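This is what each chain is made of:
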Amino acid sequence: VLKSDSVVEMYISFSEPDGHKFEVAHVAGSTAESFADNLDGRWRLTITASNAEPGSYSALIKATDQYGCVGSKTINYQILPNRPPVVLKSIDDMVFKNKGSEFTLNLKEYFSDEDGEVLKYECTVSNEKVFHLNANGSTLYGTVLGYGAVEAVVTAKDAKGEKASISFKVIIRA
């Protein structure tokens, strides 16, 4: 069972007890699969879950010798649907009195992803001359640059690009 952002690599070996030459073929069960000769006598099956829709799939790997004898291995797997990030709580509106005032927030307290994916954050403000906002990892940094009122938005994105956003106001007055 694979989460929607999983990448799994499997190494597969075949041997021919009689020493006959053989060829290995891959019959893909989904667009998530790639298959390659690993140049060390093994073959590599990579399943990149984000390249296929959720569902149950089977990959077939078979080796056929020069006399038509076949050995095969079926690999069954399931790709789970992606669940988007969710907002755990809102960010309260803020009021500041001084230019240069700063704050930090731990965004893990405000957003969550049920799939356990690492979230990426984007920040926008309605007036960047008054207030600066950015995220580094899961920490949100805000800095007051001038006087006025701004609308701020923080958006959390998961590996599949699904989003959740929080809006809040920042007022800076003397």
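Refer to the structure printed above.
Caption draft 1: Quick peek at the environment of Glu-122. Looking at the element boundaries, Glu-122 is found in strand β11 (residues 120-125). Look at Glu-122 and you get partly exposed, because its relative accessible area is 40%. For the pair formed by Glu-122 and Ile-12, sequence separation is 110 residues and the distance between their alpha carbons is 41 Å. What Glu-122 contacts, discounting residues up to four positions off in sequence, is Val-153, Val-154, Thr-155 and Lys-157. At a separation of 3.3 Å, a polar atom in the side chain of Glu-122 contacts the side chain of Lys-157.

Caption draft 2: The arrangement of the packing of aromatic side chains in detail. Overall, the coordinates contain six aromatic pairs when judged by the stated rule. Ring centres of Phe-96 and Phe-103 lie 6.1 Å apart, and the angle between their planes is 15°; this geometry places the pair in the stacked category. Across the pair, exposure class does not vary: Phe-96 and Phe-103 are buried alike. Members of the aromatic cluster, connected to one another through ring pairs, are Phe-14, Phe-22 and Trp-43. The ring of Tyr-110 is capped by Lys-89, whose NZ or CZ atom sits 5.0 Å from the centre of that ring.

Caption draft 3: Quick peek at the pairing of strand β14 (residues 148-157). Relative to β14, β11 is paired through six bridges, and the arrangement is antiparallel. Residue pairing for β14: Cys-123 is matched across the bridge by Val-154. Alignment of β14 against strand β15 (residues 163-172), held across 10 bridges, turns out to be antiparallel. Along β15, the bridge assignment pairs Ala-156 with Ala-164. Linking β14 back to β15 in an antiparallel pair, the connection comprises five residues, with Gly-161 at a positive phi of about 85°.

Caption draft 4: Representation of the pattern of salt bridges. Going through the model one piece at a time under the given rule, you end up with six salt bridges. The partner of Glu-122 in a salt bridge is Lys-157, and the shortest N-O contact between them spans 3.3 Å. On the criterion of sequence distance, the pair formed by Glu-122 in strand β11 and Lys-157 in strand β14 is long-range, its members being 35 residues apart. Across the salt bridge formed by Lys-169 and Glu-151, the nearest N and O atoms sit 3.1 Å from each other. With Lys-169 in strand β15 and Glu-151 in strand β14, this pair connects stretches of sequence that are 18 residues apart. According to the relative accessible area criterion, Lys-169 is partly exposed, its value standing at 43%. Take Glu-151: its relative accessible area is 31%, and that puts it in the partly exposed class.

Caption draft 5: Representation of the sheet that holds strand β3 (residues 33-37). Strand order in the open sheet formed by three strands is β1-β4-β3, and the pairing between neighbours is antiparallel. For this open sheet the edge positions go to β1 (7-13) and β3, each flanked by a neighbour on one side alone. Adjacent strand axes in the sheet meet at a mean angle of 20°, parallel and antiparallel pairs treated alike.

Rules and cut-offs
- Numbering of residues starts from 1 in every chain and runs along the sequence as written.
- Residues qualify for local features only when their pLDDT is at least 70, as the model is predicted, and side-chain atom pairs are given and counted only at 80 or more; totals for whole chains, interfaces and linings, by contrast, use all residues.
- Water and hydrogen atoms play no part in the side-chain values, which are based on all heavy atoms of the structure.
- In this text, helices come from DSSP runs of H or I with a minimum length of four residues, and strands from runs of E with a minimum of two, each type numbered from the N-terminal end.
- Each residue's exposure class comes from its accessible area (1.4 Å probe, protein chains only) as a fraction of the maximum for that residue type: buried when under 20%, exposed when over 50%, partly exposed otherwise.
- In this description, contact between two residues means that some pair of their heavy atoms is separated by no more than 4.5 Å.
- Polar contact is defined as a pair of N or O atoms within 3.5 Å, subject to the rule that within protein one atom must be able to donate a hydrogen and the other to accept it, and that residues adjacent in sequence are counted only when both atoms are side-chain atoms.
- Stacked, edge-to-face and tilted are the three classes for Phe, Tyr and Trp ring pairs, Trp counted by its six-membered ring, which pair at centre distances within 6.5 Å; planes under 30 degrees apart are stacked, over 60 edge-to-face, the rest tilted.
- Whether a charge lies above a ring is judged from NZ of Lys or CZ of Arg, which has to be within 6 Å of the ring centre and within 35 degrees of the ring normal.
- In short, DSSP must find at least two bridges between two strands for them to pair.
- Here, a salt bridge means any side-chain nitrogen of Lys or Arg that lies within 4 Å of a carboxyl oxygen of Asp or Glu.
- To obtain each axis, a line is fitted to C-alpha atoms, and for helices this fit is confined to the stretch in contact; angles are then taken between N-to-C directions over 0 to 180 degrees.

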